Amino acid sequence: MDSPRSWSRAQAWLATFTTALLAFGFGVLLAPELVWDRFLWHYFWGPVYADANNAVCVVMDGGTTELFYSTVACQDASGIVAEPGYTLVSEAGYAISLVFFLVGVLTLLHRLEIGDTKQLFLALVPFMFFGGALRVIEDANDSIPEGAAQILAYPWNTLIISPIIYFTVFFITLATVVASVLAERRGYVERYGRPLFATGWVLVLCSVGYLLYFVPTRLTGTVDGAGFYPQVTGVTVGLSVLFAVSIYRLAQRYKPGINAGTGYVGLVVIFGHAIDGVANVIAADWTGELGVVDSAGNALQYGAKHPFNDIIVGVVDAIQPAGLDSVIGLSWGFLVVKLVAATAVVWVFDDTIFDDEPRYAILLLVAILAVGLGPGTRDMLRVTFGI
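(A) View of the overall build of the chain. Per the secondary structure count, the chain includes 15 helices and three strands. C-alpha atoms of the chain, sized along the principal axes, occupy 60 × 60 × 45 Å. Counting every position in the chain, which comprises 387 residues, the buried fraction comes to 44%. Sequence separation of 24 or more characterises 73% of the internal contacts of the chain that already satisfy a separation of 6 or more. In the chain, 19 positive and 31 negative side-chain charges are present, and the distance between their average locations comes to 13 Å.

Right under this line is the structure:
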């Protein structure tokens, strides 16, 4: 039965959502240059639009937009310049949106009367791999030579570009959760977690299978460096398992309170963020050593879109002796931060949190895992296919 509290929470969430939409809508109508041009377009839609068209930047000047495909042209352009990737403003906006939608999902879990056990967390793990694999399909789409037919053309490709891809995967996952719960309640399955888990892995296999078909047939030989480098996935997963299991066992031995609340769920969380950290380090510093090279034998270069990565690299560059740069690279700091932060988060989730509000705890852990495992899978697979 739905409680009055559940209804009031749902009504409050819908009212807040409607109010925000109306506020932005009226803002765009009454002060378009301030609200749309210099805020929504500059920090949110402009970067997506540039990314969707594989441009270096897009410039808005006098109400019109123009795509530029060279760094020099972007630097010389007059107007509001938006580049693919994230800024501190956009990351803050997406973080607020994430928290808001988490509250909405929490309300839905109460209404469906699910999510109070760790079954939901484990069943959703493959959807995070799916999100990363789906994003690599867009990377492959961007790599298609100019003039050739794309997998998805604009505007459809915006659905699988960060950060919109998070909403795409979210709604696919939400629909699967609801369908799985209905299947359980109508007696088609014993537990909703099984079809949910299986559907997630089917989506992963379809996405990776498409890449295994598409990259050799469309990109290999036309995009320099594109191919199949399974050693990247092997090393990334292997090192991530090693780091996660080592941290988990060390905690069990010397500080068992870290794992007391989450158990093996905490191990999965640390593993997910280890994937993100290791994949970043490999992409930034170790592609050449793993044989991910172009036709001239040069290591493929990958750059981070998140300002946080650049900040960490800058700190490492400032404190690390220059002689070590060519030996261990500059990106290892990101891996360390990821592992420490993930372990600290797991420690926070003690038995009390699960006893007081289990759905809230499970949902937060799902979100925490997603922001590590999703991007990490994308980076891992992108280097695996050299795109």
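(B) Helix α7 (residues 193–219), seen in detail. Compared with the 39 Å implied by 1.5 Å per residue over 27 residues, the 37 Å span of α7 between its first and last C-alpha is a close match. Within the span of α7, buried status applies to Gly193, Leu196, Gly200, Val204, Ser207, Leu211, Phe214, Val215 and Leu219. Residues of α7 that are buried make contact with α5 (119–143) and α6 (164–185). A positive phi of about 95 degrees marks glycine 221, the residue just after α7.

(C) View of empty space enclosed by the protein. Following the criterion strictly, the structure yields one cavity of 30 Å³ or more and no others. Considering only enclosed or pocket space, the largest cavity measures out at about 90 Å³ in volume. If you go around the largest cavity, you meet 14 residues; those closest to its centre are Pro47, Val48, Gly85, Ser162 and Pro163. The element contributing the most residues to the lining of the largest cavity is helix α2 (residues 32–52), with five residues. Residues of the lining of the largest cavity, tallied by class, amount to nine nonpolar, three polar and two charged.

Quick notes on the rules
Residues numbered from 1 in each chain as written. Predicted model: local features only at pLDDT ≥ 70, side-chain atom pairs only at ≥ 80, totals over all residues. Heavy atoms only, no water. Helix = DSSP H or I, 4+ residues; strand = E, 2+ residues; numbered from the N terminus. Buried < 20%, exposed > 50% of the residue type's maximum accessible area, 1.4 Å probe, protein only. Contact = heavy atoms within 4.5 Å. Lys, Arg positive; Asp, Glu negative; His and termini not counted. Charge placed at Lys NZ, Arg CZ, Asp CG, Glu CD. Expected span 1.5 Å × (residues − 1). 1 Å grid on protein atoms, 1.4 Å probe; cavity = no way out; pocket = protein on both sides within 12 Å on 5 of 7 lines; lining within 4 Å. Points joined across faces, edges and corners; volume = space filled by probe spheres on them. Nonpolar A, V, L, I, M, F, W, Y, C, P; charged D, E, K, R; others polar.

Bear in mind that shape data such as this cannot, by itself, settle questions of function.
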